[in-house]
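# Per-entry structural report
The residues making up each chain are set out below.
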There are 2 protein chains.
Amino acid sequence: MSSDAISPLQAEVNRLRLELQTLQASNASEPIEIGSYLLARLEQLKVTKMFGVPGDFNLGFLDLVEDHRTIDWVGNCNELNAAYAADGYARVKNHSIGVVLTTFGVGELSAINGVAGAFSEMVPVLHIVGVPSTPQQKAKAMLHHTLGDGRYDAYIKAAEQVTISQGIITEKDSAAATIDRVLTDCITRARPVYLTLPTNLVYEKISSERLKIPLSRTQPPNDPEVEAFVVEEIVKLAASAQDDVIILVDACAVRHNVCEEVNELAKKTGFPVYSAPMGKTAISEDYERYGGIYVGSISHPDVKEKVESAKLILSIGCVKSDFNTANFTYGIPTSRTVEFHSDHTKVQHGVFPAIGMKQLLPRLTARLEAFGTAARKMSVPNFRAIVPQEDDEIITHAWLWPRVSQFFQPKDVIVAETGTSNFGVLEVPLPAQAVFVSQLLWGSIGWAVGSTLGAAFAAREMSLNRTILFIGDGSLQLTVQELSSMIRHGLKPIIFVLNNGGYEIERVIHGRDRKYNDIANWNWTGLLSVLGDASLTMSQSYTVRTKSELSGLLDSPSFTGAGKIQVVEVIMQMHDAPRALTVQAELGAKTNAYAPL
Amino acid sequence: MSSDAISPLQAEVNRLRLELQTLQASNASEPIEIGSYLLARLEQLKVTKMFGVPGDFNLGFLDLVEDHRTIDWVGNCNELNAAYAADGYARVKNHSIGVVLTTFGVGELSAINGVAGAFSEMVPVLHIVGVPSTPQQKAKAMLHHTLGDGRYDAYIKAAEQVTISQGIITEKDSAAATIDRVLTDCITRARPVYLTLPTNLVYEKISSERLKIPLSRTQPPNDPEVEAFVVEEIVKLAASAQDDVIILVDACAVRHNVCEEVNELAKKTGFPVYSAPMGKTAISEDYERYGGIYVGSISHPDVKEKVESAKLILSIGCVKSDFNTANFTYGIPTSRTVEFHSDHTKVQHGVFPAIGMKQLLPRLTARLEAFGTAARKMSVPNFRAIVPQEDDEIITHAWLWPRVSQFFQPKDVIVAETGTSNFGVLEVPLPAQAVFVSQLLWGSIGWAVGSTLGAAFAAREMSLNRTILFIGDGSLQLTVQELSSMIRHGLKPIIFVLNNGGYEIERVIHGRDRKYNDIANWNWTGLLSVLGDASLTMSQSYTVRTKSELSGLLDSPSFTGAGKIQVVEVIMQMHDAPRALTVQAELGAKTNAYAPL
């Protein structure tokens, strides 16, 4: 039996054992507090950082966190930032999850937009909420942080909207099973889950027996007969495609951990690979048969031609959102497409439920390998960024992104804020094993600051290279205080602040000269000093106004390897935007028009 | 017929006319865009400021806001701060509401904690959300800011938990009625409401006929027979109380606009008046027959004795939450209490539904006036703050609050953050017509910064005096960026930052020496310069470390009347806290204990 087959079966065995455990009385194992049980599970999931804000209903649990051997408490400046950080951590730390801890009502609701973003973008995040004791809940006591009307389920109902699973601990006997259920949902479905910890149960002792059985992130095994059928169908399509087969990789390849399988498929078949915006860096962008970003009608012409004319498109983990498809302008007919998803496969018009890509892809690779020799003759566009020759010293988007792409190094983690940054980075190739972190579907401005905090922690643990953030001035204002947490925890990201005096993405969409798109101008290079590095020993800040200044900085070894947190304010022009954003906005305006523009 | 009786009847007539309007076809009146209709209603409600953050689904409506004659757009740094600002504005600007505008999903969820706080604390706030066009909603398009699964009702369901009324505009014919319905709920019930504005309907034209009928904030008339019965019951109780009748005023007196009625009652009867913490300044604290704050077991002994021994307590607008009652330690038997609420009255154990205090109180005053002469002989404790003599220069809480009380001026608006500030200000009297703004029930740290922004706008419009904020360093970190909006809009609050190195309220509750209650130390006096006043022409910042330094500052005319935004960092000791907080925390710890402390 192949190892591909063993892993899902072993996972199934573990799940069944846990179900048995739930039904059996707790036994002779060493008792453990419920709070510690939860931490033990998180440790098994390789969680080393917990984000959040202390509040009076989570303080008892925080004692356990602070005393834990391998899990560190990261006290954030506010809960939304903490949720963003948990999201960023989970995106970079493969095979783990992000964890955010808040307090009842005020804390959890402040975090909910960050959790909703993790839902939308399929990021495994656990939201733990410290809640009042179960007797207080039953008595509907009018405690602070309540709505004053005795509704103790209101926040749970809100959480149900943005998490796939909720664990409401109300007594000790089912606590372990509840914790295991939500964590299993989190890791197998790559979405946020919600868990409440009442103050009076945190230290209740339960059996630790279940901890001996690890939680499985592997999906249940595909039905072998259906899977074999699907493989043959795809092989037939590939054969009739006369070698003109391409791979299009997208967000869910990253979220559902099939990047290795996709790489194997690509390398063994030689099929050209393209990426949707949300799949950027799922395949290392220095790969010789990688052709760049496909984003419908606004793709670069040679990419568009190659992808849309291919006889067969193996579309892996696609998310067909507006920004990820240039406003739904994919030029790929269903009859030439195979879609691979975590929980189903779609061959042309036919859907095969419960045939997940994690197990399907290796088997398909084995059969498609034979096409390799011929496929390798198909040419692939060269994804390069050429720095344009411009006559003046103004830092334009057209110049900026190709120029910074030369500054990137292998294994850099590059975080791009929704807005001009995201659309700008998209269009330039990133180095080998670089990790691109963005939030194109949810698109919450300010997200990237918190996310960078989490990503930088994860990057350090994963032995990745620098963490680099690109963010606009408007977006940075939403979540700026989290720079303080970066300083406090000795993280050393490089933060490019694109200063164009406001919300440029919105100016492109609507209200080009409206005052509501303007913001207050801050002293961006003074932020780090005020937010925790008063002595200026841990940080460095710069303002660059010209191409020469920025180029000089990017080439300077004291900058590129500073080993400090650095802020670079980049002075740009209002109304300048990356090409992709401008075209996207034009497309979007047609379907979302206000009457008088 | 008395004017007391006319006003509710007129309100009822208007409501019925509007209902008729809804059923009649729209007529010959000048058509108006739906967005402008909404703004016209807000103008009628004396709204002059709209808080929020632009986002791509609200930009069209923002054009109308920006062009409006009397309503100004206040672009906030983030949505939570905007919601807090709307809350602060509504708290200070009587007979108006707070308005916050966000965008679909990302924006509205970021604001939800602020809206929930308005629910809990009974503050009239309208949350307008710009949402995708109705065709896009029907098509369940996978737009950015969606959860990616076509659920376009998810955010509405979350909003239902924290607003009393939701207006989901889906077509133009019912738009005006929907707008009027949620606004009427908002003003009559003093709670937040939720309204969605789809991009394609903002500029749709509708009849403006309904605008001729103003919305009524007056409650429906009480049943005259029941009301008369209630009045007589209370008069009997007062008569048998042998002049030992007191008035206890609380939050809902402020929220439901009966402060004038309560003042009339107090002045015409001479009954001693006390206030619960959430009712502070409902009666001007310089009033000669005002005895101070009653807060259950932690009241000052003479207040406790007077209130708890009174033969009859007229309890007006009480909110019996944990922090407002010293953990439910009211020593007032129901048999000696009459509770006045916005929508019912409770005489001893008997509940009288639909007998609201707004109309009941004037009638009761007329009948109770006769008790005045005798009641005025009952003594009232003198609510004074005496600055203690302490041997050292350390700024303690015991010294700070009495000392700053000497600095307050009539008509100052004093905002206290949940935590040490709130408990500290409670215990000192505020000058004539000062307005106290706090959030004792909801208790969301960071709220006070946004709230101060809104309060300062309202104070300016209401010709009040200075706006003064007290906030801890830990709380300020959550929402610090909103200082920038104060600078940008030329507001001039005085902001005292109590720097004790972390979350002191939590240290008092649990984790006295835990690291999770520490925060990064910022350069607090550098904030204003970085957040918008680079030239230091609009602001001034100070650090005070000793009693002498602070006293000197408080006495300095250049400080007290600076006409600039000012930050005062007050260096205090870790583990020092106001008496009321310490006792409250001890009481709370008993019912909310974690096993190992």
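Nothing here was measured: the structure is a model prediction, and the numbers come from that model.

Criteria and thresholds
Residues numbered from 1 in each chain as written. Chains lettered and ligands numbered in written order. Predicted model: local features only at pLDDT ≥ 70, side-chain atom pairs only at ≥ 80, totals over all residues. Heavy atoms only, no water. Helix = DSSP H or I, 4+ residues; strand = E, 2+ residues; numbered from the N terminus. Rg over C-alpha atoms; globule rule 2.2 N^0.38 Å. Buried < 20%, exposed > 50% of the residue type's maximum accessible area, 1.4 Å probe, protein only. Contact = heavy atoms within 4.5 Å. Areas by Shrake-Rupley, 256 points an atom, 1.4 Å probe, with all protein chains shown as cover. Lys, Arg positive; Asp, Glu negative; His and termini not counted. Charge placed at Lys NZ, Arg CZ, Asp CG, Glu CD. Core = buried A, V, L, I, M, F, W, Y, C linked by side-chain atoms within 4.5 Å. UniProt positions renumbered as here; feature names shortened; annotations may be inferred. Buried area = accessible area lost by both parts, 1.4 Å probe. Salt bridge = Lys/Arg side-chain N within 4 Å of Asp/Glu carboxyl O. Polar contact = N/O pair within 3.5 Å; in protein donor to acceptor, adjacent residues only side chain to side chain. Pairing = 2+ DSSP bridges. Axes fitted to C-alpha atoms, helices over the stretch in contact; angles between N-to-C directions. Least-squares fit on C-alpha atoms with pLDDT ≥ 70 in both. Parallel < 35°, antiparallel > 145°, perpendicular 65-115°, else oblique. Left-handed = near helix turned anticlockwise from the far one by under 90°. Nonpolar A, V, L, I, M, F, W, Y, C, P; charged D, E, K, R; others polar. Disulfide = S-S within 2.5 Å. Expected span 1.5 Å × (residues − 1). Domains from an automatic or database assignment.

Now for the overall build of chain A. When helices and strands are tallied, chain A shows 24 helices and 21 strands. For chain A, the C-alpha radius of gyration of 25 Å lies close to 25 Å, the compact-globule estimate for 597 residues. Each principal axis of the C-alpha atoms in chain A carries an extent, and together these give about 70 × 65 × 50 Å. Expressed as a percentage of the 597 residues in chain A, the buried residues total 66%. A sequence separation of at least 24 residues applies to 76% of the contacts in chain A between residues at least 6 apart. For chain A, the accessible surface area stands at approximately 19,800 Å², while carbon and sulfur atoms represent 52% of it. Side-chain charges of chain A comprise 53 positive and 65 negative groups, with the mean position of each set lying 3 Å from the other.

A few words now on the side chain of A:Thr467. On the secondary structure map, A:Thr467 appears in strand S18 (residues 467-472). Apart from the residues lying within four places of it in its own chain, the contact partners of A:Thr467 are A:Val413, A:Val415, A:Thr452, A:Ala455, A:Ala456, A:Ala459, A:Pro493 and A:Ile494.

Generally speaking, soluble globular proteins have nonpolar side chains that are buried together. Core analysis: the biggest nonpolar cluster contains 134 residues, and A:Leu42, A:Met50, A:Phe61, B:Leu42, B:Met50 and B:Phe61 have the highest contact counts within it. Ranked by size, the runner-up nonpolar core spans 102 residues in total, among them A:Leu491, B:Val123, B:Leu469 and B:Ile495.

It is worth spelling out the UniProt feature "domain: Thiamine pyrophosphate enzyme N-terminal TPP-binding" (unreviewed entry) in chain A at this point. Here, the residues flagged by UniProt with the feature "domain: Thiamine pyrophosphate enzyme N-terminal TPP-binding" (unreviewed entry) are residues 34-144 of chain A. For the annotated span residues 34-144 of chain A, helix accounts for 49% and strand for 19% of the residues, and the straight-line distance between the end C-alpha atoms is 25 Å.

Counting from both sides, the interface comprises 94 residues of chain A and, opposite them, 95 residues of chain B. Of the roughly 7,600 Å² buried between chain A and chain B on both sides combined, carbon and sulfur atoms contribute 57%. A:Asp67 serves as the salt-bridge partner of B:Arg514, at 2.7 Å between the closest nitrogen and oxygen. Counting across the interface, chain A meets chain B through 45 residue pairs in polar contact (both at pLDDT 80 or more).

So, on to the sheet that holds strand S21 (residues 565-571) of chain B. All names here are of chain B. The strand order across the open sheet formed by 6 strands is S17-S16-S18-S19-S21-S20, and the pairing between neighbours is parallel. Each edge of the open sheet is held by one strand with a lone partner, namely strand S17 (435-437) and strand S20 (539-544). Adjacent strand axes in the sheet meet at a mean angle of 15° when their direction is disregarded. Sheet analysis places S20 next to S21, joined by 6 bridges and oriented parallel. Each residue of the ladder has a partner; that of threonine 543, found in S21, is glutamate 569. In the packing of helix H22 (residues 547-555) onto the sheet, the strands contacted are strand S19 (494-499), S20 and S21, and the crossing angle to S20 comes to about 150°.

What follows covers the side chain of B:Glu569. All names here are of chain B. Tracing the chain through its elements places glutamate 569 in strand S21. Looking at glutamate 569, its side chain comes within polar contact range of the side chain of asparagine 499, at 2.8 Å. A polar contact of 2.8 Å, which involves the side chain of glutamate 569, links it to the side chain of threonine 543. Sequence-distant contacts of glutamate 569, that is, excluding residues within four places in its chain, are made with Val497, Asn499, Trp524, Thr525, Tyr542, Thr543 and Val544.

One can find B:Asp250 in the loop between strand S9 (245-249) and helix H10 (251-255). Once residues within four sequence positions are removed from consideration, B:Asp250 is found in contact with B:Ala276, B:Met278, B:Gly279, B:Ile316, B:Gly317, B:Cys318, B:Val319, B:Asn324 and B:Tyr330.

Before going further, it helps to spend a moment on the relation of the copies chain A and chain B. Under the fitted operation, chain A is carried onto chain B by 0.0 Å of movement along the axis and a turn of 180°, and the coordinates agree to an RMSD of 0.0 Å. Those values place the two copies in the arrangement expected of a two-fold rotation axis. Across chain A, the rotation axis passes nearest the C-alpha of A:Ala158, at a separation of 2.2 Å. Taken as a fraction of all interface residues of chain A, those also at the interface in chain B reach 100%, which identifies the copy contact as same-surface.

With that out of the way, let us pick up the UniProt feature "binding site: Mg(2+)" (unreviewed entry) in chain A. All names here are of chain A. If you check UniProt for "binding site: Mg(2+)" (unreviewed entry), the listed places come out as Asp473, Asn500 and Gly502 in our numbering. Judged by maximum C-alpha separation, these annotated positions cover 30 residues in sequence but sit close together in space, the widest gap being only 7.0 Å. Apart from residues no more than four positions distant in its own chain, aspartate 473 is found in contact with Val497, Leu498, Asn499, Asn500, Gly501, Gly502, Ile519 and Trp524. Polar contacts involving the side chain of aspartate 473 include one to the main-chain amide nitrogen of glycine 501, which spans 2.8 Å.

This part is about the packing of helix H4 (residues 79-92) of chain B against helix H17 (residues 447-461) of chain B. Residue and element names in this part refer to chain B. Where H4 meets H17, the axes come as close as 6 Å, and the angle between the chain directions of the two elements is 40°. The angle between the axes of H4 and H17 places the two elements in the oblique class. Considering only the axes of H4 and H17, their crossing is right-handed. Facing Asn81, Tyr84, Ala85, Asp87, Gly88, Tyr89, Arg91 and Val92 of H4, the residues of H17 in contact are Trp447, Gly450, Ser451, Leu453, Gly454, Ala455, Phe457, Ala458, Ala459 and Glu461. Among the residues forming the contact of H4 with H17, the class breakdown is 10 nonpolar, 5 polar and 3 charged.

Residue and element names in this part refer to chain B. Taken as a whole and assessed by the stated rule, the structure comprises 0 disulfides over all chains. Among the cysteines around cysteine 259, which has no disulfide bond, cysteine 252 carries the closest sulfur, lying 11 Å off. Here cysteine 318 stays free of any disulfide, with the sulfur of cysteine 252 as its closest cysteine sulfur at 7.7 Å.

An ideal rise of 1.5 Å per residue puts 21 Å on 15 residues; helix H17 (residues 447-461) of chain A measures up with 21 Å between its terminal C-alpha atoms. With 13 of its 15 residues buried, H17(A) lies for the most part within the structure.

Residue and element names in this part refer to chain A. Strand order in the open sheet formed by 7 strands is S11-S10-S9-S12-S13-S14-S15, with mixed pairing between adjacent strands. One side of each edge strand has no neighbouring strand; the edge strands of this open sheet are strand S11 (290-293) and strand S15 (350-353). The mean inter-strand angle of the sheet, taken between neighbouring strand axes irrespective of direction, is 15°. As paired strands, strand S10 (residues 273-275) and S11 are joined by 3 bridges and run parallel to one another. Across the sheet, the residue bridging to tyrosine 274 is glycine 292, located in S11. Each of strand S9 (245-249), S10, S11 and strand S12 (312-316) touches helix H12 (residues 301-309); the most contacted strand, S10, lies at about 115° to it.

We now examine the domain arrangement of chain A. Residues and elements named next belong to chain A. The assigned domain composition of chain A is domain 1 (3-212), domain 2 (224-375) and domain 3 (397-582). If you average the C-alpha positions of domain 2 and of domain 3, the two centres end up 31 Å apart. Of the roughly 1,400 Å² buried between domain 2 and domain 3, counting both surfaces, carbon and sulfur atoms make up 63%. Of all residues in domain 2, Lys280, Thr281 and Phe323 bury the most surface against domain 3, accounting for 39% of the area lost on that side. Seen at the junction of domain 2 and domain 3, the total is 0 salt bridges.

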